[in-house]
Amino acid sequence: MNSTTHLRLRKMILCALFTALTAVCSQIAVPMPWGVPVNLALFASYMAGLTLGAVWGAASQLVYLMLAAVGVPVMAGLSGGPAVLFGKTGGYAIGFLVAALITGALVQVWGRGFWRMCLAMALGCAGCYALGTVWFMIVTGTGLWQSLVWCVLPYLPGDALKILLAAELSRQLDKSVRL
């Protein structure tokens, strides 16, 4: 097996692992009264972008979304299917792909410094929030301010912690794992 084939196979395996990580992290969830759970899926998306880069990181999230679309219970609360994916939280799930893509692309350009990775993930998070919030507003008919109060503001502290944790974990992985 030549080195190009080996690298591609390794990326495909890691892509599958990050798909699985996203599914597992989605289950570590705290339900909220308005229906958008607090979970660790965005953490997995950040790690996918940081570890695999924009293309393969986004691919891992696309596979996650495709599994959800065909009914595999990979989303929060062991749910899946088109009704869940296209429901009020579907925009945030699709935003996982956006977060991995933005994070991976920016880290490829900016480098892997701790604060640069944090900024890349914060912008990835903003992309996820923007898509998810607009989607939530359209599906529920809720206004912008109420949607921000329900779907963004309560989640910011947790996402800041996820970003810091992902940056530190990525730094530690960089020291011991070579892609």
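Relevant structure appears above.
Remember, predicted model here, so these are calculated numbers, not experimental data.

A.B. asks: Help me get a handle on the packing of helix α4 (residues 90-110) against helix α5 (residues 114-140), residues and values and all.
C.D. replies: α5 packs onto α4 with a crossing angle of 155° between their chain directions and a minimal axis gap of 7 Å. Between α4 and α5, the interaxial angle falls into the category roughly antiparallel. For the crossing formed where α4 meets α5, the hand is right-handed. Looking at the contact of α4 with α5 residue by residue, the class counts come to 20 nonpolar, eight polar and one charged.

A.B. asks: Requested: an account of the environment of Gly 49, with residues and values cited.
C.D. replies: Secondary-structure assignment places Gly 49 in helix α2 (residues 41-69). By relative accessible area, Gly 49 is classed as buried at 1%. Contacts of Gly 49, omitting those with residues within four sequence positions, involve Gly 57, Ala 100, Thr 103 and Gly 104.

A.B. asks: Give me the packing of aromatic side chains: which residues, what numbers.
C.D. replies: All chains considered together, the criterion is met by four aromatic pairs. Consider the rings of Tyr 64 and Phe 96, whose centres lie 6.1 Å apart with planes at 45°: the pair is tilted. With Tyr 64 in helix α2 and Phe 96 in helix α4, this pair connects stretches of sequence that are 32 residues apart. As far as burial versus exposure is concerned, Tyr 64 and Phe 96 are alike and both buried. With a centroid separation of 6.4 Å and 85° between ring planes, the pair formed by Phe 136 and Trp 150 is classed as edge-to-face. One end of the pair, Phe 136, is in helix α5; the other, Trp 150, is in helix α6 (residues 144-151), with 14 residues separating them in the sequence. On the accessibility criterion, Phe 136 (1% relative accessible area) is buried. Overall, the relative accessible area of 29% leaves Trp 150 in the partly exposed class.

A.B. asks: Account for unusual backbone geometry, with residues named and values stated.
C.D. replies: Positive phi outside glycine occurs at Leu 78, with the angle close to 50°. With respect to the secondary-structure elements, Leu 78 resides in the loop between α2 and α3 (82-85).

A.B. asks: Break down the state of the cysteines for me, citing the residues and quoting the values.
C.D. replies: Simply put, the disulfide is a covalent bond whose two ends are the sulfur atoms of two cysteines. In this structure the tally under the stated criterion is zero disulfides. Cys 125 supplies the cysteine sulfur nearest to Cys 128, a cysteine that is in no disulfide, at a spacing of 6.4 Å. Look at Cys 128 and you get buried, because its relative accessible area is 2%.

A.B. asks: Which residues make up the side chain of Thr 133, and what values go with them?
C.D. replies: Mapping Thr 133 onto the fold places it in helix α5. Discounting residues that sit within four places of it in the chain, Thr 133 has contacts with Tyr 92, Ser 147, Leu 148 and Val 152.

A.B. asks: Help me get a handle on the packing of α2 against α4, residues and values and all.
C.D. replies: At a minimum axis separation of 7 Å, α2 and α4 run at an interaxial angle of 130°. Taken together, the axis directions place α2 and α4 in an arrangement best described as oblique. The two elements α2 and α4 cross, and the hand of that crossing is left-handed. Residues belonging to the contact of α2 with α4 are distributed by class as follows: 18 nonpolar, eight polar and no charged.

Reading the values: the criteria
- Residues numbered from 1 in each chain as written.
- Predicted model: local features only at pLDDT ≥ 70, side-chain atom pairs only at ≥ 80, totals over all residues.
- Heavy atoms only, no water.
- Axes fitted to C-alpha atoms, helices over the stretch in contact; angles between N-to-C directions.
- Helix = DSSP H or I, 4+ residues; strand = E, 2+ residues; numbered from the N terminus.
- Parallel < 35°, antiparallel > 145°, perpendicular 65-115°, else oblique.
- Left-handed = near helix turned anticlockwise from the far one by under 90°.
- Nonpolar A, V, L, I, M, F, W, Y, C, P; charged D, E, K, R; others polar.
- Buried < 20%, exposed > 50% of the residue type's maximum accessible area, 1.4 Å probe, protein only.
- Contact = heavy atoms within 4.5 Å.
- Phe/Tyr/Trp six-rings, centres within 6.5 Å; stacked < 30°, edge-to-face > 60°.
- Disulfide = S-S within 2.5 Å.

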